[in-house]
Amino acid sequence: NAGVTQTPKFRILKIGQSMTLQCAQDMNHNYMYWYRQDPGMGLKLIYYSVGAGITDKGEVPNGYNVSRSTTEDFPLRLELAAPSQTSVYFCASSYLASGFTDTQYFGPGTRLTVL
Amino acid sequence: DQQVKQNSPSLSVQEGRISILNCDYTNSMFDYFLWYKKYPAEGPTFLISISSIKDKNEDGRFTVFLNKSAKHLSLHIVPSQPGDSAVYFCAASIRGGSEKLVFGKGTKLTVNP
């Protein structure tokens with residue numbers, strides 16, 4: 001199992017550009033999450049999905065969009081990039097069983113800089 | 001409004017001694033607590049968790065204590081090893097929902113040889 005994979009590892013964007021951060025998991029997890037971590041801060045939830053076709057906002061969703069067309073993939077879209085979106089982005093996944101999910105497994109992160 | 005607080009940004013201990021990392025929370029609805037460990041340029045990895053029905057959970061050198069009345073939990077690492085040097089995040093969730101994690105800001109632990 002590759003676990004949770006994220007691409008790209010690094011990216012520099014200009015203000016106003018757009019991009020998609022890719023996330024995939026091969027563990028057949030139904031729950032997937034996107035977090036961002038700013039310097040000196042904890043992780044904050046951007047969006048999450050409880051299954052294919054179902055997504056919902058987290059704590060800091062503004063400026064982002066997501067889709068979940070398959071169980072494996074959960075891409076995060078940035079439209080009109082702004083310097084405030086400079087951050088490290090982590091994707092995570094977990095499995096729901098007996099009403100409770102297992103621990104969340106995280107990808108290695110994507111470091112994004114918006115100039 | 002920070003619901004999960006780690007008030008010590010950093011902690012330095014000698015190899016072989018005990019490391020104690022602290023975490024406070026404000027939301028009394030939280031009923032599941034986790035500690036994640038993070039090395040530079042890597043994603044967080046799960047370390048240990050505790051349900052609110054327990055007050056202690058142990059896994060090898062790692063023990064988590066939960067004091068619900070004080071809304072406080074702590075992670076004890078005994079004995080500390082240089083490889084334990086990392087940032088430790090405390091996280092909390094409400095089980096049975098979407099299991100969203102709320103993270104603290106992290107504590108950077110340095111274990112000196």
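Here goes a summary of the coordinates provided. In this text the structure is predicted, and so the values were computed from the model without any measurement.

1. Observations concerning the sheet that holds strand E8 (residues 76-78) of chain A
All names here are of chain A. As summarised here, the arrangement of the four strands in space is E1-E3-E8-E7, forming an open sheet in which the pairing is antiparallel. Lying at the two open borders of the sheet, with one neighbouring strand each, are strand E1 (4-7) and strand E7 (64-66). Going across the sheet, the axis of each strand differs from the next one's by a mean of 20°, ignoring polarity. As paired strands, E1 and strand E3 (residues 19-25) are joined by four bridges and run antiparallel to one another. By the bridge assignment for E3, Gln 6 is matched with Cys 23.

2. Comments concerning the state of the cysteines
Working definition: the covalent bond between the sulfur atoms of two cysteines is a disulfide. On inspection of all chains with the given rule, the structure shows two disulfides over all chains. Between Cys 23 of chain A and Cys 91 of chain A runs a disulfide, and the two sulfur atoms are separated by 1.8 Å. Between Cys 23 of chain A and Cys 91 of chain A, the S-S dihedral sits near -70°, and the bridge is therefore left-handed. Of this pair, Cys 23 of chain A sits in strand E3 while Cys 91 of chain A sits in strand E9 (residues 87-94), and the two are 68 residues apart along the sequence. Take Cys 91 of chain A: its relative accessible area is 0%, and that puts it in the buried class. Shown here is the disulfide that connects Cys 23 of chain B with Cys 90 of chain B, its sulfur atoms set 2.1 Å apart. Here the S-S torsion is close to -75°, and the disulfide linking Cys 23 of chain B with Cys 90 of chain B is therefore left-handed. Of this pair, Cys 23 of chain B sits in strand E3 (residues 19-25) while Cys 90 of chain B sits in strand E9 (residues 86-93), and the two are 67 residues apart along the sequence.

3. A word on the pairing of E9 of chain A
All names here are of chain A. Most of E9 is tucked away, with eight of its eight residues classed as buried. On E9, burial covers both faces: Ser 87, Tyr 89, Cys 91 and Ser 93 on one face and Val 88, Phe 90, Ala 92 and Ser 94 on the other are all buried. Here strand E4 (residues 31-37) runs beside E9; their pairing, made up of seven bridges, is antiparallel. Bridge pairing in E9 places Trp 34 opposite Cys 91. As paired strands, E9 and strand E13 (residues 110-114) are joined by three bridges and run antiparallel to one another.

4. Some points on the pattern of salt bridges
Residue and element names in this part refer to chain B. The final tally for this structure, using the stated rule, is five salt bridges over all chains. A salt bridge links Lys 56 to Glu 58; the shortest N-O distance between them is 4.0 Å. Owing to a relative accessible area of 41%, Lys 56 belongs among the partly exposed residues under this scheme. Residue class for Glu 58 comes out exposed when judged on its relative accessible area of 52%. Of the charged contacts, one joins Asp 84 and Arg 61 as a salt bridge, the two residues approaching to 2.8 Å between their closest N and O atoms. Residue Asp 84 is located in the loop between strand E8 (72-77) and E9, and its partner Arg 61 is located in the loop between strand E6 (56-59) and strand E7 (62-67); the two are separated by 23 residues in the primary sequence.

5. Comments concerning the interface of chain A and chain B
The partner chain B presents 19 residues to the 19 residues of chain A that form the contact. Taken together, chain A and chain B are joined by zero salt bridges. Scanning the region where chain A abuts chain B turns up one residue pair in polar contact (both at pLDDT 80 or more). Listed by contribution, the elements that provide at least two residues to the side of chain A that touches chain B are E4, strand E5 (43-51) and strand E11 (100-101) of chain A. Here the side of chain A that touches chain B takes four residues from E4 of chain A, the largest share from any one element. Its residues assigned to classes, the side of chain A that touches chain B comprises 11 nonpolar, eight polar and no charged.

Criteria and thresholds
- Residues numbered from 1 in each chain as written.
- Chains lettered and ligands numbered in written order.
- Predicted model: local features only at pLDDT ≥ 70, side-chain atom pairs only at ≥ 80, totals over all residues.
- Heavy atoms only, no water.
- Pairing = 2+ DSSP bridges.
- Helix = DSSP H or I, 4+ residues; strand = E, 2+ residues; numbered from the N terminus.
- Axes fitted to C-alpha atoms, helices over the stretch in contact; angles between N-to-C directions.
- Disulfide = S-S within 2.5 Å.
- Buried < 20%, exposed > 50% of the residue type's maximum accessible area, 1.4 Å probe, protein only.
- Salt bridge = Lys/Arg side-chain N within 4 Å of Asp/Glu carboxyl O.
- Contact = heavy atoms within 4.5 Å.
- Polar contact = N/O pair within 3.5 Å; in protein donor to acceptor, adjacent residues only side chain to side chain.
- Nonpolar A, V, L, I, M, F, W, Y, C, P; charged D, E, K, R; others polar.

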